[in-house]
Amino acid sequence: MFENLTDRIGNALKNLRGQGKLSEENMAEALREVRTALLSADVHFRVAREFVERVQKEAAGQEVLKSVTPGQQIVKIIHDELVKLLGEGTQELSIKRPLKVMLIGLQGSGKTTTAGKMAALLKKKGYKPMLVACDPYRPAAVDQLETLAKAVGVAFYCERGSKDVPKTGRNALAKARETDCDAILFDTAGRLQIDSELVDEIKRLKAVVEPEEVLLVADAALGQEAVNVAKTFNEAVSLTGLVMTKLDGDARGGAALSMKAMTGVPIKFAGVGEKIEDFDTFHPDRMASRILGMGDVVSLVEKAQESLDQAEAERMAEKLARADFNFEDFLSQMRQVKKLGSLQGIVGMLPGMSGVKIGDAEEKKMARTEALILSMTLQERRNPQIISSSRRARIAKGAGLPMLDLNQLIKQYQQMKKVMQMMKGPKGLSRMKQMAKEVEAMKNQKR
Amino acid sequence: MSFFEKFKQGLKRTTPTFYKAFGVVGGLFSGKKLAQEDIDLLEEALYGADIGVETATEILEEIKAAFKKEKELRGQDAAAIGAAVLRRVLAGAEGKLPEFTAKPEVIALIGVNGSGKTTTAAKLGRMFQDKGSTVLVGACDTFRAAANEQLAVWCQRLNLDLVSSHQGADSAAVAYDAYDAAARRGKDVLILDTAGRLHTKHNLLGELSKIRRVLEKRDAKAPQHRWLVLDGSIGSNSIEQARVFHKQFDLTGLVITKLDGTSRGGALVGIYREMRLPIYYVGLGEQPEDLQPFSIESYVDALFNLKNPAE
């Protein structure tokens, strides 16, 4: 498993500290790490090479050599360069009305789903969208789009049985004019960029429809092939934007960089889930972190903001400050965290933790803790000190778990309470720091 | 058309970089030292096939070593070295189906969204039917809009029996019904098409386990074959996909689709290296007969353009 780039570069440069000088050789080694990192993130070979050269130039100009932590500084330069490169160009859709959008791409890249999501987005923005089915080849593709149109609540147009896609396009436009639809989305068939017959078809459709936007929908996990795909389609129909899909997976997404770098076409949207609303404008900074394996803290924070209850969080903070914390709060905290998704998913978003695996064991432990707390009476949850041994026996039995588990939980609770007591008052923070130091010292002793 | 031809035709669209690096023209490495440009060219070709940093480095090292001994090394010689390394890495990767012992023998197709499961299910069905087996297909993708209809159209086209339900139904229930129907109708093979799911979706992976649990009630070993369907144009993430699905579902093999473009599906090399999962079939085109058994020889030869380098 690929580790954090920061660590790797740090390793390449670690002998330098103290000497204060960075030789060209050392630098070269660090840059080789960068290149390997990019290649294993599926960045195209040539893009990776050019990018490393760019970084090298940038690094030379910035006197990285004098920096205390050259590794981190180089990573920052790389990150910034990546953001710059990924974010170039306008990410906005054309403001023309009616707005005509053509979605093209390989088979299975997610065009139809994207069409549905985009219609929902445009509807929210005040457009009256129409989805047009232009895929007469894949069985039931038309049905899929129709189902989505119904789910989103937008107009739908298709010509079943007709394989004349440009004609369908023309008729759809007429229909849209009639029904006052002002955002018309054409969902085309998946095709290989080298299938000249089908590429010709989208060219003809484009000539008829004259779309403001021609978007290439591409799977974020694409390999080295991404460049060929983007280049060929761009040459054929002049793309106005890219849509990266399946970003809710854990692909590092080097394809995005490759396609952007080789074509200059801006990345406009990102598909981030299976639901209709899982569609977002593209964030170059997050993508950069992802490509570099630096985690995605921003997304985690956003996710937390979305799913956590603000008022609840504030109430909790207050309680913590008063060291007044009981099992009710414990339960509510646990449930809040659960809302964020699987523990593995959360940990994966933390920097430097992308390689850490959380097994089912931890997830199960959480479920057990929940069961234990739920087996307590409200009174017991609020005043844990009343939990006597007979109560303990009842709770453990109720949860169907050994007494040992319950004892552990109660012990854990008591420790937490102790920590909170220590944090209370003006000197809390310094006491905490002292404690952290002691823990660290203990760890070092063990080594 | 011979099998090799088919393979080659599927993979035929030239990779210009491979051609440049390994083409027969000229003594590519005729200097005293292997020039940096030559190495770059080789690297570009190797990485361009998604075979992964590890294997690419291994091939490159061997070519460099050969060059040290033999200064007149030509492009085709380098290609032969590369092919030899790849053959070595892939040794044992050809999936060979054992004689079916159960009736029905169950094949479950799983994979991420858009990898080509539904199409593969139909094509596999047709293939077994052509071989004289009786086949039933179960449409366990109850999530994606119109997935049922897509499979229904395929089955009608290829004259295959199908058991399906409605969108939103319980996929495990469909699997059970399909098994039941296959058993009652005395079918030899049951192919289950499941919903696409990203390997990062914990709860959806749980659904897969449920399908398996439900089937085990009827036959403790079913599904005997748990194949991961991978899109050949996907890069290194395929390896991560395989890892997670393998852990969750104990995979028995792979099917690589969409190898008819210019992509080379090199991720299979990385997967085989790590997990030793055999590759059963590859998709070389849109027609039903374009699903072909995987052959190391053909794959390697087509990749390095060995049989007909002038092409």
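Residues numbered from 1 in each chain as written. Chains lettered and ligands numbered in written order. Predicted model: local features only at pLDDT ≥ 70, side-chain atom pairs only at ≥ 80, totals over all residues. Heavy atoms only, no water.

**Observations regarding the packing of helix α5 (residues 75-90) of chain B against helix α11 (residues 267-275) of chain B**
All names here are of chain B.
(1) Moving on: It is the contact of α5 with α11, at a shortest axis distance of 9 Å, that shows an interaxial angle of 45°. Comparing their axes, α11 and α5 come out oblique. Residue-level contacts link Leu 86, Val 89 and Leu 90 of α5 to Leu 268, Val 269, Tyr 272 and Arg 273 of α11.
(2) Moving on: A per-class count over the contact of α5 with α11 returns 6 nonpolar, no polar and 1 charged. (Axes fitted to C-alpha atoms, helices over the stretch in contact; angles between N-to-C directions. Helix = DSSP H or I, 4+ residues; strand = E, 2+ residues; numbered from the N terminus. Parallel < 35°, antiparallel > 145°, perpendicular 65-115°, else oblique. Contact = heavy atoms within 4.5 Å. Nonpolar A, V, L, I, M, F, W, Y, C, P; charged D, E, K, R; others polar.)

**Thoughts on the domain arrangement of chain B**
Residue and element names in this part refer to chain B.
(1) Moving on: Assigned domains of chain B: these are domain 1 (3-93) and domain 2 (105-292).
(2) Moving on: Note on domain 1 versus domain 2: buried area summed over both sides is about 1800 Å², and carbon and sulfur give 57% of it.
(3) Moving on: Where domain 1 touches domain 2, the interface holds 2 salt bridges.
(4) Moving on: Between domain 1 and domain 2 we count 8 residue pairs in polar contact (both at pLDDT 80 or more) in total.
(5) Moving on: Elements with a minimum of two residues in the side of domain 1 that touches domain 2: α1 (3-10), α4 (53-69) and α5.
(6) Moving on: The dominant element in the side of domain 1 that touches domain 2, judged by the number of residues it contributes, is α1, at 4 residues.
(7) Moving on: For the side of domain 1 that touches domain 2, the per-class residue count stands at 10 nonpolar, 5 polar and 5 charged. (Domains from an automatic or database assignment. Buried area = accessible area lost by both parts, 1.4 Å probe. Salt bridge = Lys/Arg side-chain N within 4 Å of Asp/Glu carboxyl O. Polar contact = N/O pair within 3.5 Å; in protein donor to acceptor, adjacent residues only side chain to side chain.)

**Structural notes on the interface of chain B and chain A**
(1) Moving on: Contacts between the two partners involve 43 residues from chain B and, on the opposite side, 40 residues from chain A.
(2) Moving on: Together, the buried faces of chain B and chain A total about 3400 Å²; carbon and sulfur atoms form 53% of this surface.
(3) Moving on: Considering only the surface of chain B that becomes buried against chain A, B:Glu44, B:Tyr47 and B:Thr262 emerge as the three largest contributors, covering 14% of it.
(4) Moving on: For A:Arg35, the salt bridge goes to B:Glu43, with nearest N and O atoms at 3.0 Å.
(5) Moving on: In this assembly, chain B and chain A are joined by 13 residue pairs in polar contact (both at pLDDT 80 or more).
(6) Moving on: Mapped onto the side of chain B that touches chain A, the elements with two or more residues apiece are α3 (36-48), α7 (147-158), α9 (202-216) and α10 (237-249) of chain B.

**Side note on the pairing of strand β1 (residues 105-110) of chain B**
Residues and elements named next belong to chain B.
(1) Moving on: Counting buried residues along β1, 6 of its 6 residues qualify, which places the element largely inside the surrounding structure.
(2) Moving on: Burial along β1 is two-sided: Glu 105, Ile 107 and Leu 109 facing one way and Val 106, Ala 108 and Ile 110 facing the other are all buried.
(3) Moving on: Across 5 bridges, β1 lies against strand β4 (residues 189-194) in parallel orientation. Following the sheet pairing, Leu 109 is matched in β4 by Asp 193. (Buried < 20%, exposed > 50% of the residue type's maximum accessible area, 1.4 Å probe, protein only. Pairing = 2+ DSSP bridges.)

**A look at the sheet that holds β4(B)**
Hydrogen bonding along the main chain pairs the strands of a sheet, whether they run parallel or antiparallel.
Residues and elements named next belong to chain B.
(1) Moving on: With respect to topology, 8 strands assemble into an open sheet ordered β3-β2-β4-β1-β5-β6-β7-β8, the strand pairing being mixed. Every interior strand has two partners, whereas the edge strands, β3 (161-163) and β8 (291-293), have only one. Averaged over neighbouring strand pairs, the angle between their axes works out to 25° when direction is ignored.
(2) Moving on: Bridge count for strand β2 (residues 135-140) against β3 is 3 bridges, and the pairing is parallel. Its bridge partner being in β3, Gly 138 is matched across the sheet by Val 163.

**Regarding the pattern of salt bridges**
(1) Moving on: Under the definition given, this model contains 39 salt bridges over all chains.
(2) Moving on: Here A:Glu380 makes a salt bridge to A:Arg391, at a shortest N to O gap of 2.9 Å. Highlighted residues: A:Glu380 in helix α17 (residues 378-382) and A:Arg391 in helix α18 (residues 389-399), separated in sequence by 11 residues.
(3) Moving on: Taking the relative accessible area as the measure of exposure, A:Glu380 reaches 0% and is therefore buried.
(4) Moving on: B:Asp180 is the partner of B:Arg218 in a salt bridge, and the nearest nitrogen-oxygen pair spans 2.6 Å. In this pair, B:Arg218 is assigned in the loop between α9 and β5 (225-231) and B:Asp180 in helix α8 (residues 171-184), connecting sequence segments 38 residues apart.

**As for the side chain of B:Arg197**
(1) Moving on: Along the chain, B:Arg197 falls in the loop between β4 and α9.
(2) Moving on: Reaching out from B:Arg197, the side chain makes a polar contact with the backbone oxygen of B:Ala195 at a distance of 3.1 Å.
(3) Moving on: If sequence neighbours within four positions are ignored, B:Arg197 has contacts with A:Glu274, B:Gly111, B:Val112, B:Asn113, B:Leu204, B:Leu205, B:Glu207, B:Leu208 and B:Phe245.

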